[in-house]
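Given next are the chains, with one letter for each unit.
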Amino acid sequence: MIKKNKAVFLDRDGVINKEVNYLHKIKDFEFTENCIEALKMLQSNGYLLFIITNQAGIGRGYYTEVDFHTLTNWMLLKLKKHGINITDIQFCPHHAKEGKGVYKIDCECRKPKAGMITHLIERYNIDVQNSILIGDKLSDIEAGKVANIKNLILVQSGHELPSIIPSSVNEVHENLASFAASL
Ligand SMILES: [Mg+2]
Ligand SMILES: [Zn+2]
């Protein structure tokens, strides 16, 4: 039997970079504290790294897919210089109500739906039992739960967390770095 891969599914805004509303410019992008070291640590522990991000700003017309890819390529190059390889990135540009034109669909990819994650699980033969999802919103956690990811981690580095944390959350950490340090 082929051995399955373990992975970390990372939300982007509020986890990898500091939360900025509808971030799409390189000049506004700032990594969260010790994010690079954290990603290195996760990678050296044998996890594939994936980014799964809702980007409804595209659908709303605030920025374009080209803007998203420009920022993404810049970020990936930055990470590569530190020896970090992001295996794949999935983004959802849709919004069921506010999307314009082709982007106005009730898609299967926008978190809390699990479409982006389940696609990666199949494509990269991921062992969900030994994988981790890290997000700053309950919608991230919900998507991970639907996709049967075993370890669901909330971080405080993005949006303010609700006062009641559901039991589906395994751990709450200050940020990605403090989670990585706890492994
Ligand atoms: Mg986020
Ligand atoms: Zn979508």
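Since the model is a prediction, treat every value here as computed from it, not as a measurement.

Overview of the coordination of the magnesium ion (ligand 1)
On the protein side, the magnesium ion (ligand 1) has Asp11 (OD), Asp13 (O) and Asp136 (OD) as donor atoms, found 2.1 to 2.2 Å from it. Expressed as a motif, the donor residue spacing for the magnesium ion (ligand 1) is D-x1-D-x122-D. With a gap of 123 residues between them, aspartate 13 in the loop between strand E1 (7–10) and helix H1 (35–44) and aspartate 136 in the loop between strand E4 (132–135) and helix H5 (138–146) connect regions that are remote in the sequence.

A short note on the coordination of the zinc ion (ligand 2)
The protein atoms that coordinate the zinc ion (ligand 2) are Cys92 (SG), His94 (ND1), Cys107 (SG) and Cys109 (SG), at distances spanning 2.1 to 2.3 Å. With four donor atoms in place around the zinc ion (ligand 2) and angles of 101 to 120 degrees between them, the coordination shape is tetrahedral.

So, the sheet that holds strand E5 (residues 151–155)
The sheet built from six strands is open, its strands ordered E3-E2-E1-E4-E5-E6 with parallel pairing. Of all strands in the sheet, those bounded by a partner on one side alone are strand E3 (88–92) and strand E6 (171–173). With strand direction ignored, the average angle separating the axes of adjacent strands in the sheet is 20 degrees. Pairing of E4 with E5 involves four bridges; the strand directions are parallel. In the strand pairing of E5, isoleucine 134 is matched with isoleucine 153. Contacts between helix H4 (residues 115–123) and the sheet are confined to E1, strand E2 (48–54), E3 and E4, with E3 contributing the most and set at about 155 degrees to the helix. Set on the sheet, H5 makes contact with E4 and E5; between it and E5 the angle comes to about 175 degrees.

Rules and cut-offs
- Residues numbered from 1 in each chain as written.
- Chains lettered and ligands numbered in written order.
- Predicted model: local features only at pLDDT ≥ 70, side-chain atom pairs only at ≥ 80, totals over all residues.
- Heavy atoms only, no water.
- Donors = N, O, S within 2.8 Å, 3.2 Å for Na, K, Ca; no water.
- Helix = DSSP H or I, 4+ residues; strand = E, 2+ residues; numbered from the N terminus.
- Tetrahedral: all angles 85-135°; square planar, octahedral: opposite > 155°, others 65-115°.
- Pairing = 2+ DSSP bridges.
- Axes fitted to C-alpha atoms, helices over the stretch in contact; angles between N-to-C directions.
- Contact = heavy atoms within 4.5 Å.

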